[in-house]
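Coordinate analysis (summary)
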Amino acid sequence: MAAYDLEEQERIDALKDWWEKWGNWVIAGLVVFFGSIAGTQAWKSWQAKQGEEAEVVFKGVTKTAQEVAANKEYKKLADAAGAMAEKFPRSFQATEAQLMAAKAAFDAGDLAVASKHLQWVIDKGQEAFRSVARLRLAQVLLDEKKHDEALKVVNAINEEGFAALAADLKGDILGAQGKAAEARAAYQLAVEKAGERSMSKALSQAKLDALGGSKSVESKDAAENKDKKS
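Residues numbered from 1 in each chain as written. Predicted model: local features only at pLDDT ≥ 70, side-chain atom pairs only at ≥ 80, totals over all residues. Heavy atoms only, no water.

Details of the overall build of the chain
The secondary structure content of the chain amounts to ten helices and zero strands. Listing every helix and strand of the chain by position from the N terminus yields α-α-α-α-α-α-α-α-α-α. The 230 residues of the chain split such that 33% are buried. Nonlocal contacts in the chain, meaning residues at least 24 apart in sequence, comprise 49% of its contacts between residues at least 6 apart. Carbon and sulfur atoms provide 57% of the accessible area of the chain, an area that totals close to 14,900 Å². (Helix = DSSP H or I, 4+ residues; strand = E, 2+ residues; numbered from the N terminus. Buried < 20%, exposed > 50% of the residue type's maximum accessible area, 1.4 Å probe, protein only. Contact = heavy atoms within 4.5 Å. Areas by Shrake-Rupley, 256 points an atom, 1.4 Å probe, with all protein chains shown as cover.)

Here it is in C-alpha cells:
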C-alpha cells in the first residue's frame, strides 16, 4: 500500500511539473478549440441569415424582371441587380440577378450594359455560372463586331460540358473574320464534342456543311501545303 501511495505521489508531482510547464498552452489551445466551434456555429448562423435575406431580395428582383419583360424598362432591373450584387455579392442569387439583367439589356439592344453584367459574373459571380457568362459575353462582343475580344473570351472557356457550344461560337467568330478554314475546324470540333441527341450538334453540322464540310478543310490544307512547297 505504501509503495502504491509513493508511486501515486510521484505521478501527482510529475503531473504538477508538467502542468506548470505546459498548462498555459493547454488552456490557450482549449480556448482556441472551443472558440473555433463557437465561431463555426456563428458563421453558419450568419450564412443562413444572409441566404434568407438574399432570397427575399431576389424575389423582388424576379418580380422586377417580370415587369421588365412586359414594359422593356431594363434599366430598372439593372439597378435591382446592382443592389443585389452590392449587398449579397457571394450569393447565387446575385449571380442569377446579373444574368437576368444582362439578358434584359441584350433583348433591349443595350449591348454595353449587357456586357457589364456578364463581366461581373465572370469576375465576381459563382464559379458554376462563369462559363455561361463567357459564352453570352462572347456572343455580345460578336454582335458588336469586336471579334478579337470575343475570341479571347470564348477561348477562356475550358469546361468540358461547354466545349461544343464554345467551339460552335468560335466558328461563328472566325467565320465573321473571314477565316473560313479555321471556322470549319471549329465547327468540326463542335460536332465531335456535342452529344448525339444535342440540338447544337445538328446546328454545328449545318454550319460545317454550309462551309463545304470537314473534307474541304483537309483538301484546302493539302492545297495550301502544295502551294508552299512549289
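Section: the side chain of Ser-115
The residue Ser-115 is located in helix 4 (residues 111-124) in this model. In this view, Ser-115 contacts Leu-137, Val-140 and Glu-144; residues no more than four positions away in its chain are not counted.

A few points about unusual backbone geometry
Non-glycine residue Lys-145 carries a positive phi angle of around 65 degrees. Summarising the element assignment, Lys-145 is placed in the loop between helix 5 (130-143) and helix 6 (147-155). Its relative accessible area of 64% is what places Lys-145 among the exposed residues.

Re the nonpolar core
Counting residues in each nonpolar core, the largest one holds 42 residues, and the members touching the most others are Leu-118, Val-154, Leu-169 and Ile-173. The set of elements that each furnish at least two residues to this core consists of helix 2 (74-87), helix 3 (92-107), helix 4, helix 5, helix 6, helix 7 (163-176) and helix 8 (180-193). In terms of residues, this core owes the most to one element, helix 5, which gives eight residues. Beyond its immediate chain neighbours, meaning those up to four positions away, Leu-169 contacts Leu-135, Ala-138, Gln-139, Leu-142 and Val-154. (Core = buried A, V, L, I, M, F, W, Y, C linked by side-chain atoms within 4.5 Å.)

Looking at helix 9 (residues 199-210)
Taking 1.5 Å of rise per residue, twelve residues should cover 16 Å, and helix 9 covers 17 Å from first to last C-alpha, within 8% of that figure. Those residues of helix 9 lying buried are Ser-200, Lys-201, Ser-204 and Leu-208. What you see down the axis of helix 9 is that its buried residues fit within an arc of 100 degrees, all on one side. Residues of helix 9 that are exposed and angled more than 90 degrees away from the buried face: Met-199, Ala-202 and Ala-210. Where helix 9 ends, the next residue or the one after it, Gly-212, has phi of about 105 degrees, a positive value. (Expected span 1.5 Å × (residues − 1). Arc of directions from axis to C-beta.)

Considerations on the environment of Leu-211
Looking at where Leu-211 falls in the secondary structure, it is placed in the loop between helix 9 and helix 10 (214-229). Between the C-alpha atom of Leu-211 and that of Tyr-187, which follows or precedes it by 24 residues, the distance is 9.6 Å.

Observations regarding the confidence of the model for the chain
Chain-level statistics for the chain give a pLDDT mean of 75 and a share of 61% at 70 or above. Between the elements of the chain, mean pLDDT differs from a low of 50, seen in helix 10, to a high of 97, seen in helix 6. When the criterion is pLDDT under 50, residues 1-8 qualifies, and its contacts beyond four places in sequence or with other chains add up to zero contacts. Per-residue pLDDT stays below 50 along residues 216-223; that stretch engages in seven contacts with residues further than four places along the chain or on separate chains. (pLDDT = per-residue confidence, 0-100.)

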